[in-house]
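So you can see what is in the structure, the chains are spelled out below.
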Amino acid sequence: MVAPATLLWAGWPHVLRAQQFDPQSLDRVFQEARLAEEIINAGGSNLLKGKIVLTLFYEPSTRTRLSFEFATYHLGGRVLSSEAAREFSSAAKGESIEDTIRVVCRYRPAAIVIRHYQEGAAERAASVAADPRTRGPIPVFNAGDGPGQHPTQALLDAYTVWRHRGTLEGATVAVAGDLLYGRTARSLCYLLAKYPGVSVRMVAPHEVQMKEDLLAYLRRHRVPVTQTGDLAAAVRGADVLYVTRIQKERFGADQETYERVRDAFSVTPQILAGLPSHAIVMHPLPRVEGPRSELPTAVDADPRVVIFDQTEAGMYIRMALLRLTCATDRHRH
Amino acid sequence: MVAPATLLWAGWPHVLRAQQFDPQSLDRVFQEARLAEEIINAGGSNLLKGKIVLTLFYEPSTRTRLSFEFATYHLGGRVLSSEAAREFSSAAKGESIEDTIRVVCRYRPAAIVIRHYQEGAAERAASVAADPRTRGPIPVFNAGDGPGQHPTQALLDAYTVWRHRGTLEGATVAVAGDLLYGRTARSLCYLLAKYPGVSVRMVAPHEVQMKEDLLAYLRRHRVPVTQTGDLAAAVRGADVLYVTRIQKERFGADQETYERVRDAFSVTPQILAGLPSHAIVMHPLPRVEGPRSELPTAVDADPRVVIFDQTEAGMYIRMALLRLTCATDRHRH
Amino acid sequence: MVAPATLLWAGWPHVLRAQQFDPQSLDRVFQEARLAEEIINAGGSNLLKGKIVLTLFYEPSTRTRLSFEFATYHLGGRVLSSEAAREFSSAAKGESIEDTIRVVCRYRPAAIVIRHYQEGAAERAASVAADPRTRGPIPVFNAGDGPGQHPTQALLDAYTVWRHRGTLEGATVAVAGDLLYGRTARSLCYLLAKYPGVSVRMVAPHEVQMKEDLLAYLRRHRVPVTQTGDLAAAVRGADVLYVTRIQKERFGADQETYERVRDAFSVTPQILAGLPSHAIVMHPLPRVEGPRSELPTAVDADPRVVIFDQTEAGMYIRMALLRLTCATDRHRH
């Protein structure tokens, strides 16, 4: 049978939703991610030797795909991929994702990384990846399913905080920018709510404030939440400033409002002057370009700006998850 | 020189048309495919170590491409690929397939897998893959050339029958669905005709019946053929039921006829009740989705439905052919 | 630190422009390319074992990409690639190439090969590939940046001459075809001007003659240059005939002129009869097809026509450059 000696997280071995993870399993993943850093610094490993990871992308997401693929290579595995997986389900072919997964499982991949434009696609894939003819369920990684989940992004964000603070407990996190449409800010809040002592500051223009469902969720978990439009005030005393892009297209014809909002939510040196020296500035990337960017390149040299460490952390998280689910030494865990 | 001690099939080492193979060479390939199953179960091999297989796809066919690529990896080889090979022959560039193959042969691939939208493209590729500067002809695999051939699909279908019956001789095969446009049913019939004792039942709505040329071919090879529109009658006593998709687009505006035909050609549990217990149900995939599918998912659990074994068999056939043509140990054969 | 014991070329370790190289560094690269030929003939090597080369293509160029990827594989390295890198900088995402490179450098590639539609893109990429968190600058290879440079093409052309003559010094080179728009002819001239004794014959219809800037450059470097429209006269006594495609689209509605020009610039057997027996005929490929091609397939059998050796030389040049910049044994150099 396929269950590990100790179940690492709900829904194991699949990685479908950030909510699968509790603080204990997150801690296990984060410890493993730190080992991944050491593996990289030692020049790679052979933990996935002979294993093939299949990346099946129904829409392009080069950054995410490459991150998974480098993670696999650094662990000594191999990669096969399709950036045109949408062809499977094209009008002419009309195959369900279930049949596609039933087919590719027969090719004996060690794991399937799936990116899809429809919410729930990864869960549907996982539901059939337990083909009895394979030696166990083939782990399915959700690499983003439309407006739904992107759990490895959520984990890398949480890991970045953990890596710099040693823990997520007690963190004061200012989440700034487009909170209405930004998926990453929401996912991070879901994870933060699992830790004691966390407080969240929602910093958004009133046009794109956080939805009530997440605010209610945080209240249920007794997370103190404040809402403000004043970025300069919000960074004072914060441990983490999580910046997201204000999406121009959300303002339609009203570009005057967009311009005003963008200027009010730019993390300038003046804003950073108010942020504690121990704090970190994060951004899921990509960012808007230019001097009035929400995070201008002019502040990149500030040691608190850890946005590229953050993207690097994504590779470590994926190495950690791949190792925990696919490596032949996984039964040690 | 490059000729093997024993020529395995006509046109060796290329795999261009199903008709290249006779029962003796098919048997050799099928034995090798069974070894491939064992190689997979033993965790892979290094028979293609240091070899690079180039997959050159002028149109997408993710399933076929991945099958070849997994086959290569499981044998320890490496893969380079292009899903955008059409760019070679784009209006602006205007390169002939012959020049493209002359170029890529110089990169020293161990084999070239080609998928093209034009009939005859693979044969043209093979005609120049014997560049004198290489150490021998580079095997070219036809992975489908427009309305032409797709020989590895034909071989995997024949192998699936062989694998379950031990032989193709004496098989009673009911071929159902769209026989007018379906390429796979035609190819399977061509191979079946090479074996003694085979009989074929063509089961199709009159709108999409098998063309006269194939019927004449089967008569010439003294293969008993019946034609019917009655699926329930056709499965009685059959050893193999080979189902293909009724293509909606073939019926144009007359969707009423399409609906009627589709219902008459759905392999329901009632239909399967009439099929012998030792028989198998095959389908080249993809299948139409839904309860009125030609092969509804509701019957997948029937042990006679071997459609995913069939797709898996495709990988074994490709491993067999790659090993026979590229492996450094091939001179043993 | 990352600087090699001896700096091989200006701008090392990046390969951005043909002009970076002087005769001494070219000679070093060419010697290494000859070793690469031996490596291939010996069945490959492991000089890039554990290294990952990232090919990042913002526009398709399958031939160039495959050449780099085969080069990497034959040296024992691994490849990750994107043919859809344009997605990074799509309107919706809007990421600068600098940010993209900052991100992918964190995945720890051994080198980045970049193809871009904008001139200067590779230089911008190189400017940020010296991320302090990596162990040294990550070499950036320019695989063509729009109307700008394609240095490995220039090097493979020069190497082909060197390989056949032993040196570029004293070569009489006839450059024929579309000299106005053809990038490769220009690049080759830039490199030739660095060698003593070289003379150049520009052979073009007056509609597409070489631009004045390059002629002035050659004059400054005291390279004797003649200009003619008479191909038959130009090949007499030449050591190299470098043929390029006459691009139909440059003649707009005036297809009559195009037809006339094309016929006058076709390297027929009659033209070749006037070329010395020791000379070579080169072409950057792809060529126009058909009997009135600028280089008809009918002359391919002439041993002086080395166009496929030339494309093969591209792989050796890329192996040479990859080894010099990425191999762990590079400090020997």
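Residues numbered from 1 in each chain as written. Chains lettered and ligands numbered in written order. Predicted model: local features only at pLDDT ≥ 70, side-chain atom pairs only at ≥ 80, totals over all residues. Heavy atoms only, no water.

All right, on to the overall build of chain A then. Secondary structure summary: chain A contains 11 helices and nine strands in total. Taking the principal axes of the C-alpha coordinates as reference, chain A spans close to 60 × 45 × 40 Å. The proportion of buried residues among the 333 residues of chain A is 64%. Of the roughly 12000 Å² of accessible surface on chain A, a fraction of 50% belongs to carbon and sulfur atoms. Measuring between centres, the 40 positive side-chain charges of chain A sit 6 Å from its 36 negative side-chain charges. (Helix = DSSP H or I, 4+ residues; strand = E, 2+ residues; numbered from the N terminus. Buried < 20%, exposed > 50% of the residue type's maximum accessible area, 1.4 Å probe, protein only. Areas by Shrake-Rupley, 256 points an atom, 1.4 Å probe, with all protein chains shown as cover. Lys, Arg positive; Asp, Glu negative; His and termini not counted. Charge placed at Lys NZ, Arg CZ, Asp CG, Glu CD.)

The next subject is the packing of helix 5 (residues 151-165) of chain B against helix 6 (residues 183-192) of chain B. Residues and elements named next belong to chain B. Where helix 5 contacts helix 6, the two axes come as close as 9 Å, and the packing angle between them is 60°. Helix 5 and helix 6 meet at a crossing whose hand is right-handed. In this structure, helix 5 uses Q153, A154, L155, D157 and A158 to contact helix 6, whose residues at the interface are T184, S187, L188 and L191. The residue makeup of the contact of helix 5 with helix 6, split by class, is five nonpolar, three polar and one charged. (Axes fitted to C-alpha atoms, helices over the stretch in contact; angles between N-to-C directions. Left-handed = near helix turned anticlockwise from the far one by under 90°. Contact = heavy atoms within 4.5 Å. Nonpolar A, V, L, I, M, F, W, Y, C, P; charged D, E, K, R; others polar.)

Okay, the interface of chain C and chain B next. Across the boundary between the two partners, chain C contributes 29 residues, which contact 28 residues of chain B. Between chain C and chain B, the buried area comes to about 2600 Å², and carbon and sulfur atoms account for 53% of it. Looking only at chain C, the three residues that lose the most surface to chain B are C:F70, C:Y73 and C:F308, adding up to 26% of its buried area. At the surface where chain C touches chain B, the tally comes to five salt bridges. Residue B:E95 pairs with C:R63 through a salt bridge whose shortest N-O separation is 2.6 Å. Summed over the shared surface of chain C and chain B, the number is 12 residue pairs in polar contact (both at pLDDT 80 or more). Put simply, the parts of the chain that give the side of chain C that touches chain B at least two residues each are helix 1 (23-41), helix 2 (62-74) and helix 11 (307-326) of chain C. Looking at the side of chain C that touches chain B residue by residue, the class counts come to 10 nonpolar, nine polar and 10 charged. (Buried area = accessible area lost by both parts, 1.4 Å probe. Salt bridge = Lys/Arg side-chain N within 4 Å of Asp/Glu carboxyl O. Polar contact = N/O pair within 3.5 Å; in protein donor to acceptor, adjacent residues only side chain to side chain.)

This part takes up the interface of chain A and chain C. Counting from both sides, the interface comprises 29 residues of chain A and, opposite them, 28 residues of chain C. For the chain A and chain C pair, buried surface summed over both sides reaches about 2600 Å², with 53% attributable to carbon and sulfur atoms. The three residues of chain A that bury the most area against chain C are A:F70, A:Y73 and A:F308, which together make up 26% of that side's buried surface. Joining chain A to chain C, the criterion identifies five salt bridges. Counting the contacts that link chain A with chain C gives 12 residue pairs in polar contact (both at pLDDT 80 or more). Mapped by element, the contributors of at least two residues to the side of chain A that touches chain C are helix 1 (23-41), helix 2 (62-74) and helix 11 (307-326) of chain A. Element by element, the count of residues in the side of chain A that touches chain C is highest for helix 2 of chain A, at nine residues.

With that settled, consider the pairing of strand 8 (residues 240-243) of chain C. Along a regular strand, successive side chains alternate from one face of the sheet to the other. All names here are of chain C. Burial of the side chains of strand 8 extends over both faces: V240 and Y242 are buried on one face and L241 and V243 on the other. In this structure, strand 5 (residues 172-176) lies alongside strand 8, joined through four bridges in parallel fashion. Directly across from V173, in strand 8, lies its bridge partner V240. Judged from the three bridges that link them, strand 8 and strand 9 (residues 280-282) form a sheet pairing that is parallel. Residue pairing across strands places Y242 opposite M282, the latter belonging to strand 9. (Pairing = 2+ DSSP bridges.)

To continue, consider empty space enclosed by the protein. All names here are of chain A. Under the definition given, this model contains two cavities of 30 Å³ or more. Around the largest cavity, the lining comprises 13 residues; the ones closest to its centre are R63, Q153, L156, P284 and T311. Within the residue set of the lining of the largest cavity, elements represented by two or more residues are helix 2, helix 5 (151-165) and helix 11. Here the lining of the largest cavity gets four residues from one element, more than from any other, and that element is helix 11. (1 Å grid on protein atoms, 1.4 Å probe; cavity = no way out; pocket = protein on both sides within 12 Å on 5 of 7 lines; lining within 4 Å. Points joined across faces, edges and corners; volume = space filled by probe spheres on them.)

All names here are of chain B. Within the fold, T167 resides in the loop between helix 5 and strand 5 (172-176). It is 22 Å that separates the C-alpha atoms of T167 and L7, two residues lying 160 residues apart in sequence. Not counting chain neighbours up to four residues away, the residues in contact with T167 comprise V161 and W162. Reaching out from T167, the side chain makes a polar contact with the backbone nitrogen of E169 at a distance of 2.9 Å.

Laying chain A over chain C is done by rotating through 120° and shifting 0.0 Å along the axis; what remains is an RMSD of 0.0 Å. Put plainly, the chains are arranged around a three-fold axis. Interface overlap between copies is the fraction of interface residues in one copy that are interface residues in the other; for chain A against chain C it is only 7%, indicating separate surfaces. (Least-squares fit on C-alpha atoms with pLDDT ≥ 70 in both.)

Right, let's talk about the nonpolar core for a bit. One broad trend across soluble globular proteins is that nonpolar side chains are buried collectively. Residues A:I101, B:I101 and C:I101 are the most contacted members of the largest nonpolar core, which totals 373 residues. Not counting chain neighbours up to four residues away, the residues in contact with B:I101 comprise B:L56, B:I112, B:I114, B:A125, B:V128 and B:A129. (Core = buried A, V, L, I, M, F, W, Y, C linked by side-chain atoms within 4.5 Å.)

On to helix 11 (residues 307-326) of chain B. Between the first and last C-alpha of helix 11 of chain B there are 29 Å, a value that for 20 residues agrees with the 28 Å anticipated at 1.5 Å per step. Burial runs high along helix 11 of chain B: 19 of the 20 residues are buried. (Expected span 1.5 Å × (residues − 1).)

Residue and element names in this part refer to chain A. Strand order across the open sheet formed by four strands is 2-1-3-4, with parallel pairing between neighbours. The open sheet has two free edges, formed respectively by strand 2 (78-82) and strand 4 (140-145), since each of these has just one partner strand. Looking at each pair of strands side by side, their axes are set apart by 15° on average, direction ignored. Here four bridges tie strand 3 (residues 111-116) to strand 4, and the two strands are oriented parallel to one another. Within the sheet, the bridge partner assigned to I112 lies in strand 4 and is V140.

Let's shift gears to the sheet that holds strand 5 of chain C. Residue and element names in this part refer to chain C. Reading across the sheet, the five strands line up as 7-6-5-8-9 and stay open at both edges, with parallel pairing between neighbours. The sheet is open, and its two edges are formed by strand 7 (225-228) and strand 9, each paired on a single side. For this sheet the average axis-to-axis angle between neighbouring strands, irrespective of direction, equals 15°.

A separate point is the packing of helix 1 (residues 23-41) of chain B against helix 5 of chain B. Residue and element names in this part refer to chain B. The N-to-C vectors of helix 1 and helix 5 enclose an angle of 75°; their axes lie 10 Å apart at closest approach. Viewed along their axes, helix 1 and helix 5 adopt a mutual orientation that is roughly perpendicular. Residues L26, D27, V29, F30, Q31, A33, R34 and E37 of helix 1 lie in contact with helix 5, whose contacting residues are L155, A158, Y159, W162 and R163. Grouping the constituent residues of the contact of helix 1 with helix 5 by class yields eight nonpolar, one polar and four charged. (Parallel < 35°, antiparallel > 145°, perpendicular 65-115°, else oblique.)

Before going further, it helps to spend a moment on the domain arrangement of chain A. All names here are of chain A. Along its sequence, chain A is organised into domain 1 (4-149 + 313-326) and domain 2 (151-311). Domain 1 and domain 2 are separated by 27 Å when their C-alpha centres are compared. Taken together, the contacts link 32 residues of domain 1 with 21 residues of domain 2. Summing both sides of the interface, domain 1 and domain 2 together bury roughly 2200 Å²; the carbon and sulfur share of this comes to 62%. Area buried by domain 1 at its contact with domain 2 is led by F30, R63 and A313, which between them contribute 26% of it. At the boundary of domain 1 with domain 2, the tally comes to one salt bridge. A salt bridge links E37 to R163, with the nearest nitrogen and oxygen atoms 2.5 Å apart. In this assembly, domain 1 and domain 2 are joined by 13 residue pairs in polar contact (both at pLDDT 80 or more). Secondary-structure elements contributing two or more residues to the side of domain 1 that touches domain 2 are helix 1, helix 2, strand 4 and helix 11. Counting residues per element, the side of domain 1 that touches domain 2 draws most heavily on helix 1, at nine residues. When its residues are assigned to classes, the side of domain 1 that touches domain 2 shows 16 nonpolar, eight polar and eight charged. (Domains from an automatic or database assignment.)

Further remarks concern unusual backbone geometry. In this structure, B:P13 follows B:W12 across a cis peptide bond, with omega equal to 5°. One can find B:P13 in the segment before helix 1. Unlike most non-glycine residues, A:R222 shows phi in positive territory, near 60°. By secondary structure assignment, the location of A:R222 is in the loop between helix 7 (212-220) and strand 7 (225-228).

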